[in-house]
Each structure stands twice: as structure tokens, then as C-alpha cells.
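Chain by chain, the residues run as shown.
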Amino acid sequence: MKKTHLILGAFVAIAASIFAVTPAHAAKEIQISPTKSEVYELSAGDVKSGSFNVNNINTDAFTFELEVLPYNVIDKEYNVDLEKNTDYNHIVDWIECSAEKYTLEPNESTKVSYKIKVPEDIPGGGQYAVISAKIMDDSKANGSNVKVLGRVSYIVYAHLDGVTRIEGNIINNDIPAFVLNPPIIAYSVVENTGNVDIEAHYNFQVFDAFSGHEVYSNTDLNITNRILPETQRSEKFTWDNAPMLGLFKVKQTIEIAGQTSTTETLVFICPIWLIFIVLFLITLMVFWLISRARARKREQ
Amino acid sequence: MKKLTSVIAATGIVAGLGVAALPLASYAADPASDTATVTVSLEVSDAISITVDDKESTTINLGTIAPNAITGTGKKVVANVKSNNASGYTVTAAGTALTRASGTETIAYGSVAAGTSAWGISVGTDAGYSALTSIASPTAASAVDGDDYNIFFGASTNASQKTGTYSGTLTLTATNKN
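Residues numbered from 1 in each chain as written. Chains lettered and ligands numbered in written order. Predicted model: local features only at pLDDT ≥ 70, side-chain atom pairs only at ≥ 80, totals over all residues. Heavy atoms only, no water.

### Details of the interface of chain A and chain B
And step 1. Counting residues at the interface gives 60 residues for chain A and 60 residues for chain B.
And step 2. For the chain A and chain B pair, buried surface summed over both sides reaches about 4900 Å², with 61% attributable to carbon and sulfur atoms.
And step 3. The tally of links from chain A across to chain B stands at two salt bridges.
And step 4. One salt bridge in this structure joins A:K36 and B:D46, with 3.8 Å as the shortest N-O distance.
And step 5. Here chain A is connected to chain B by 25 residue pairs in polar contact (both at pLDDT 80 or more).
And step 6. Contributing elements (two or more residues each) for the side of chain A that touches chain B: β1 (29-33), β11 (145-160), β17 (224-227), β18 (231-239) and α2 (272-299) of chain A. (Contact = heavy atoms within 4.5 Å. Buried area = accessible area lost by both parts, 1.4 Å probe. Salt bridge = Lys/Arg side-chain N within 4 Å of Asp/Glu carboxyl O. Polar contact = N/O pair within 3.5 Å; in protein donor to acceptor, adjacent residues only side chain to side chain. Helix = DSSP H or I, 4+ residues; strand = E, 2+ residues; numbered from the N terminus.)

### Here we look at the layout of surface pockets
And step 1. By volume, the largest pocket is sized at about 850 Å³.
And step 2. What lines the largest pocket is a set of 29 residues, and nearest its centre among them are A:L221, A:I223, B:N85, B:A86 and B:S87.
And step 3. Elements that contribute at least two residues to the lining of the largest pocket include exactly β2 (36-42), β17 and β18 of chain A.
And step 4. Residues that form the lining of the largest pocket fall into these classes: nine nonpolar, eleven polar and nine charged.
And step 5. Elements represented by at least two residues in the lining of the second largest pocket include exactly β6 (80-81) of chain A together with β4 (89-95) and β10 (166-176) of chain B. (1 Å grid on protein atoms, 1.4 Å probe; cavity = no way out; pocket = protein on both sides within 12 Å on 5 of 7 lines; lining within 4 Å. Points joined across faces, edges and corners; volume = space filled by probe spheres on them. Nonpolar A, V, L, I, M, F, W, Y, C, P; charged D, E, K, R; others polar.)

### Comments concerning the pattern of salt bridges
And step 1. Per the stated rule, a full pass over the model turns up eleven salt bridges over all chains.
And step 2. A salt bridge links A:K249 to A:E264, with the nearest nitrogen and oxygen atoms 3.6 Å apart. Taken together, the residues A:K249 in strand β19 (residues 246-256) and A:E264 in strand β20 (residues 259-269) connect sequence positions 15 residues apart.
And step 3. For B:K162, the salt bridge goes to B:E105, with nearest N and O atoms at 3.4 Å. Linking B:K162 in the loop between β9 (147-156) and β10 with B:E105 in the loop between β5 (98-100) and β6 (106-109), this pair joins segments that are 57 residues apart in sequence.
And step 4. Among the residues examined, B:K162 registers a relative accessible area of 46% and is labelled partly exposed.
And step 5. Residue classification places B:E105 among the partly exposed positions, given a relative accessible area of 23%. (Buried < 20%, exposed > 50% of the residue type's maximum accessible area, 1.4 Å probe, protein only.)

### Thoughts on a nonpolar patch on the surface
And step 1. A surface patch of nonpolar side chains, amounting to about 970 Å² of accessible area, comprises A:F178, A:L180, A:F268, A:I272, A:W273, A:F276, A:V278, A:L279, A:I282, A:V286 and A:I290.
And step 2. The biggest single contributor to the nonpolar patch is α2(A), with eight residues. (Patch = residues over 30% accessible without salt bridge, like charges linked within 9 Å, V, L, I, M, F, W, Y side chains within 5 Å. Areas by Shrake-Rupley, 256 points an atom, 1.4 Å probe, with all protein chains shown as cover.)

### Quick notes on the sheet that holds β18(A)
Note on sheets: strands pair through backbone hydrogen bonds, and any given pair is parallel or antiparallel.
Residue and element names in this part refer to chain A.
And step 1. Spatial ordering of the open sheet is given by β12-β14-β18, a layout of three strands whose pairing is antiparallel. With one partner strand each, in any of the chains shown, β12 (168-174) and β18 form the two edges of the open sheet. This sheet shows a mean twist of 15° between the axes of neighbouring strands, independent of strand direction.
And step 2. Here six bridges tie β12 to strand β14 (residues 184-192), and the two strands are oriented antiparallel to one another. When the sheet's bridge partners are listed, G168 is paired in β14 with N192. (Pairing = 2+ DSSP bridges. Axes fitted to C-alpha atoms, helices over the stretch in contact; angles between N-to-C directions.)

The following block contains the structure:
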């Protein structure tokens, strides 16, 4: 009986430790949604309004501050530059937010409103800015230190009436014809040579080479990228669930600024070890044929 | 001759077994439906969030460093980013110079090297600290629990670095690619 009690007690202790609730580590997590505005069509003297939500989705309260920054990209991967000012960032000076600072308790949200006040003298083309929400940290620290602050971005897009050039090109639309392993990939690079942002639309489909049956498509996703003026943007689509061996017809279609480019490629996917075995087999066959021919010659 | 034939046969069998063992996809046809369906739609807006966490504080203490010295502080923060944007997102870094509390001397955000006055970061490994501006640039939405980025800190001083405490900030910005 005593033994039973001991075993039962041990079981309860172990179960309690396994199922004990470990307190979640407190953290400050700032979320912004949505992350981009509609595309505003602006004229001189216009005043337009917009809003977004900033959410505290973790367990620590925080205060955040808003800042309007220029929005540019530095490479084809569209890595962001929020410091450089160009002719496409005058809108930074036209945006006013409803407040500079907010405090959010855990699971609390706030709606941030902003106004775009367009001056009388404006250029034509596109204008781009980011309204950022940055967690503040006024704590005092001892010793040499670096405060690490998290910030999230809401991108504002605007088109100004005036001289507008909508121009773009498809620089690259490429599908490798032979891959050693999944996935099957399609690459592309497009560019915007105008003065206003434009959309690039993509469609990626994979068909079985023998039956013609479509085995993968991203058509339903309506993939669209916004291309800023005077930039190039790369894109890559993959079929991750491709089999290790097979022959497929792969098609990629890109549309930008009234141009369309379609690439269709027969893609053979085959693991390298199978290639080596086939080559080895062929080599052996050749040796065998040569040996047979020689043996026949000797008999004659 | 017979030996060669055997080798060829054996290789052929191995190749055949290998192909048979390959995971080949099977494509299931859509099941026929003979019942009426009701379409329910819901629009979910895009969102992005960032957490900066080193388990206790988001202030990294760089420790004590002598003049003309270099240190990997061994300190790191983990930046977690959650994004539901199908085109992915970027995480960028902007560091300020460390300013001396009782003066105007600074340690610039730059490449950490012996004999130079600089502080910097590295991503993923605790070495090779520099004034990184690009932390990550994935081309797909994050994992459900977010994507983690380990950011390490290092610093170096020149021979004439004044004593004192220096402090600054590192801002990590998460932006969806649109």
C-alpha cells in the first residue's frame, strides 16, 4: 500500500512538472496592418485621408512613435532604403499623422489616421513614403550599451497629375531546362523606366509533358508586384512539390506596362546519381559491344 | 565476356530499383461534385510584426573594452518577424554612433577591426561585425511563429579612445514587399 502511494505520488509530481504552465516570456511585439495604402490619385491642393492599425500582439505594454520617412529600394530584391531622399519622396513633407505617440497595453490596438496635404506646386509622377511605428525605450542602462528598437512600416503610394510616363520592360523571363533536384524554378526581372509606379502581373504553370495535365499553377493567387519608377525588380517562382524524376512543360507569363512575355520550356528533373548510373550503364554496354565484336573477329 | 554481361545486368537492376524507389508525385483528379455549394469569402489584410528580444532586455551591454582593442561581446538579440505577405518582406538595420556620456566622442557604426573605433553587428554568426543595413530579404511569407534572426554585437577601439560609457541605438525595421 505504501509502495502504491509512493508510485502514485511520483507520477503526480512528474505529470505536474510536464503539464505545468511555463510563464510565457514577456516581449514587446508591434504589428501594423494593413501595410500599404491605396494608390492615391492627387492633384495640387488636394487633402486626402487614410488610416491603418497598430496592434500590440504580445504580453508587454509599449509606447510607440510615428515617423514619416522616404521610401526607396536599393536593389532588384527590393531591399528598402528609408533614409535617401529623391524626387519621388516630396510626399514625406505632405503627410501629417493624428498623433506622434501612442501607448498600447497587451492585446490593444489603435487606429492611426493621417492626412496628405498636397501643395499647389507639384511635379508629375509617383510619390512614395513610409509611415513607421517604432517602439520607444526610455529606460536607463548601465555601462556602454546599444538599445535595440523594433519598427514596422506602412507604405504610402501616390500618383500626382501632371506629366506622367508609364513605361516598363521585361528584362528576363527564364526557366532552367534541367534541374537535379526539386523545385522547378522560373526567374524574371522587370524594370520601370517611367516616372510613376506600375504593376507587374505574373503567372506560373507546370504541365505534365506527356498528358498535358496541369500539375501546378499560381494563377489563382493573382501575383502582382508594384514596381517603383527607375527600378528593376527580380522575382522567382517555384514548384516545391516537384517529383525527383520527371519531364514537365513549364510556362511563365509576365505582363507590365502593356507588354507581355511568355516563356515555355520543357524541364527535365533527374537526380545526379541516376545520371551517373545511366552513363555507367552506357559505358558498360559500349565495352560489351566492342568485346563481342572482337570475339567474333577472333573466331573468324 | 560473361562477367561483363553480369555487371551490365546488375547495374541495370540497380538503376531500375533506384527509379522505382524515387518519390514520384501522383496527381489526384478533383472529385466530382453533385451537390450545391455556398461560397463564403473573407478578406484578410496583410500585416507585419517585429519582436526584438534577448530574453531579458532589448538593451545590449557591450561590456568593458580597453583602448586599441577589439571584442566580440558574445551578446545577441533575436529579432522575430511575422508577415503574411506572399511576396515576402525585408528587415533592415540602422545604427547610430555610440556617443560618450560625458563628452562628444563617438564610436561609429562601422566595420569592427583592430585599431579602429567602430561597433557593428553580424547576423547568424558571432564574428565579422560591420555596419550591416540589410538583415534579411525573404521572398515568401514568414513561418506561422515568425522567422528568427540572431543578431550579434562587436566593437573595437583605437589607441586614443577616451574612457567612459558610450551608448547608441540600433533600429530594426520590418517592411512588406509589395
